[in-house]
Amino acid sequence: MRGAVIHAPGDVRFETLDDPRILHPTDAIIRTAVTCVCGSDLWPYRGVEAIGDPHPMGHEYVGFVEEVGSEVTSVKPGQFVVGSFATSDNTCANCRNGWQSNCLHREFMSTCQADYVRIPNAQGTLVATDEHPADEFLPGLLAVSDVMGTGWYAALAAEVKPGCTAVVVGDGAVGLCGVIAARELGAERIIAMSRHEPRQNLAREFGATDIVAERGDEGIARVKDLTGGIGADSVLECVGTAEAMQQALQSARPGGNVGFVGVPHEVAIDGQELFFSHVGLRGGPAPVRRYLPDLMDRVLTGRINPGKVFDLTLPLDQVAEGYQAMDERRAIKALLTP
Ligand SMILES: [Zn+2]
């Protein structure tokens, strides 16, 4: 089969790789229906994260089950399935508590920009649809496997509630999905922080009521202006930089909550500042598996369409162009079709 391999910053190649095989009785092999490039793939691509030896890339997938190990009974060959970037047995104590992305048997996916993928912990990780979904739903279901699930978690972690005011920091795919989540969870006012017009437009379409283009102290001041001078009830931090985290913490009102889902890079939090702010803080890799049945249903019934975050579609063999387009911010998110 063929798949993406990163060799060095800026150097992703599409190469022939060994076909994945069942290694454990809990594995499944899927044939990729669609996959994509994630904003977090840009960290190694930009040389911010060490790459080490050349290795495959990709952690988002939906596909058709090809083969299952002897202990997998929940899905069978031929079914269409959605999973999460963090695999989970869905039975351990952490899974039962709803924190499947901290499963005691968790394995992070890392080989999904390929024709076929091995899924560890398949029994607990994969959710099958009743029938094969129409092609138009594939981008939305793929979004659910990562960015929409993550935006949903950001909104829950920020304790978005009906009638509240929510701020979304970050206009990448996760931030835009965070806008959808805030609207679905009943936020009355949704302030999207974005400087890019196409993304501002999509944020509005997804439910944003206000756009703040300013950043840093100016951005915080604008949010304060819009929230009676005290800040927002809920803030979704969807970037992961020190600047974005500062913006998020200072945009929340006393007693408000920040949900942070951008993988932190060089983020340091001042304990005294946090202490005196009365702001609640929860983040981490989203327990996407917990939300899959609900979010898949919202997509398949047409209630939400997070698939719109994909504004570039490429054949999988042009995966390198997908990275480049996202790195240069020519695309929000690249969809790849085998
Ligand atoms: Zn578990």
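Residues numbered from 1 in each chain as written. Predicted model: local features only at pLDDT ≥ 70, side-chain atom pairs only at ≥ 80, totals over all residues.

**Q** Would you mind showing me how to read the sheet that holds strand β11 (residues 165–169) here?
**A** In a beta sheet, neighbouring strands are held together by backbone hydrogen bonds and run either parallel or antiparallel to one another. Reading across the sheet, the six strands line up as β13-β12-β11-β14-β15-β16 and stay open at both edges, with parallel pairing between neighbours. Edge strands, defined here as strands with exactly one partner in the open sheet, are β13 (210–212) and β16 (280–283). Sheet twist, expressed as the mean angle between neighbouring strand axes with direction ignored, is 20°. Taken together, the five bridges between strand β14 (residues 232–237) and strand β15 (residues 252–260) define a ladder with parallel strand orientation. Its bridge partner lying in β15, Leu-236 is registered against Gly-259. Packed on one face of the sheet, helix α5 (residues 147–157) meets β14, β15 and β16 and runs near 155° to β15. (Pairing = 2+ DSSP bridges. Helix = DSSP H or I, 4+ residues; strand = E, 2+ residues; numbered from the N terminus. Axes fitted to C-alpha atoms, helices over the stretch in contact; angles between N-to-C directions. Contact = placed C-beta atoms within 7 Å.)

**Q** Before we go on, may I ask you to explain helix α11 (residues 288–300) in this structure?
**A** Note that an α-helix has 3.6 residues per turn; residues three or four places apart therefore point the same way. With 13 residues, α11 extends 17 Å from end C-alpha to end C-alpha; this agrees with the ideal 18 Å at 1.5 Å per step. Residue Asp-294 marks the point of greatest curvature in α11, where the axis turns by about 35°. Listed in full, the buried residues belonging to α11 are Val-288, Arg-289, Arg-290, Tyr-291, Leu-292, Leu-295, Met-296, Arg-298 and Val-299. In this fold, the buried residues of α11 make contact with β6 (80–82), α3 (122–125), β10 (127–128), α4 (138–144) and α5. Backbone geometry just after α11 places Gly-302 at a positive phi near 80°. (Expected span 1.5 Å × (residues − 1). Bend = angle between axes of the 7 residues up to and from the residue. Buried ≥ 20, exposed ≤ 12 C-beta atoms within 10 Å, placed from the backbone.)

**Q** Would you take a moment to explain the packing of α5 against α11 for this structure?
**A** A pair of packed helices can be characterised by two numbers: the angle between their axes and the separation between those axes. The geometry of α5 relative to α11 is characterised by a closest axis approach of 9 Å and an angle of 105° between their N-to-C directions. When the axis of α5 is compared with that of α11, the two are roughly perpendicular. For the pair formed by α5 and α11, the contact residues are Met-148, Gly-149, Thr-150 and Trp-152 on the first element and Val-288, Tyr-291 and Leu-295 on the second. Residue composition of the contact of α5 with α11, grouped by class: five nonpolar, two polar and no charged. (Parallel < 35°, antiparallel > 145°, perpendicular 65-115°, else oblique. Nonpolar A, V, L, I, M, F, W, Y, C, P; charged D, E, K, R; others polar.)

**Q** Looking at this model, I keep getting lost on the packing of helix α8 (residues 216–226) against helix α9 (residues 242–251). Mind explaining?
**A** Relative to each other, α8 and α9 sit at 25°, their axes nearing to 9 Å. As judged from the angle between their axes, α8 and α9 are roughly parallel. The crossing of α8 and α9 is right-handed. Along its contact with α8, which presents Gly-216, Gly-219, Ile-220 and Val-223, the element α9 presents Glu-243, Gln-247, Gln-250 and Ser-251. For the contact of α8 with α9, the class distribution of residues is two nonpolar, five polar and one charged. (Left-handed = near helix turned anticlockwise from the far one by under 90°.)

**Q** What is the right way to look at the domain arrangement of the chain in this model?
**A** By a widespread convention, an interface's size corresponds to the accessible area lost as its parts come together. Along its sequence, the chain is carved into domain 1 (2–132 + 305–337) and domain 2 (148–283). Here the C-alpha centre of domain 2 lies 27 Å away from the C-alpha centre of domain 1. Between domain 1 and domain 2, the contact holds 10 residues from the first and 12 residues from the second. A class-by-class count of the residues in the side of domain 1 that touches domain 2 yields five nonpolar, three polar and two charged. (Domains from an automatic or database assignment.)

**Q** How should the UniProt feature "domain: Enoyl reductase (ER)" (unreviewed entry) in the chain be read in this particular structure?
**A** As recorded in UniProt, the feature "domain: Enoyl reductase (ER)" (unreviewed entry) lies at residues 7–336. Along residues 7–336 one finds 31% helix and 24% strand; the C-alpha atoms at either end are 20 Å apart. (UniProt positions renumbered as here; feature names shortened; annotations may be inferred.)

**Q** Can you walk me through the pairing of strand β5 (residues 61–68) in this structure?
**A** Regular strands place side chains that alternate from one sheet face to the opposite one. In the sheet, strand β3 (residues 28–36) pairs with β5 via seven bridges, with the strands oriented antiparallel. The partner of Ile-30 across the bridge, within β5, is Val-65. As judged from the three bridges shared by β5 and β6, these two strands associate in the antiparallel manner. By the bridge assignment for β6, Val-62 is matched with Val-82.

**Q** Even after reading the chapter, I still don't get the nonpolar core, so can you show me in this structure?
**A** Across soluble globular proteins, nonpolar side chains have a tendency to be buried as a group. Formed by 108 residues in total, the largest nonpolar core has its most connected members in Ala-166 and Val-168. Mapped onto the domain boundaries, this core takes at least three residues apiece from domain 1 (2–132 + 305–337) and domain 2 (148–283). Setting aside residues up to four positions removed in sequence, Val-168 forms contacts with Gly-175, Gly-178, Val-179, Ala-182, Ile-190, Ala-192, Met-193, Leu-236 and Cys-238. (Core = buried A, V, L, I, M, F, W, Y, C linked by C-beta atoms within 7 Å.)

**Q** When you look at the environment of Pro-54 in this model, what are you seeing that I'm missing?
**A** Locating Pro-54 in the fold gives a position in the loop between α1 (42–45) and β4 (55–56). Separated by 47 residues in sequence, Pro-54 and His-7 have C-alpha atoms that sit 4.4 Å apart.

**Q** Honestly, unusual backbone geometry in this entry has me stumped. Any pointers?
**A** Peptide bonds are trans in most cases, and residues, glycine excluded, mostly fall at negative phi. You will see that Asn-121, though not glycine, has its phi angle at about 50°, which is positive. Within the secondary structure layout, Asn-121 lies in the loop between β9 (116–119) and α3. The backbone of Glu-159 sits at a positive phi, close to 55°, despite the residue not being glycine. In this fold, Glu-159 is placed in the loop between α5 and β11. Residue Glu-159 is classed as partly exposed on the basis of its 17 C-beta neighbours within 10 Å.

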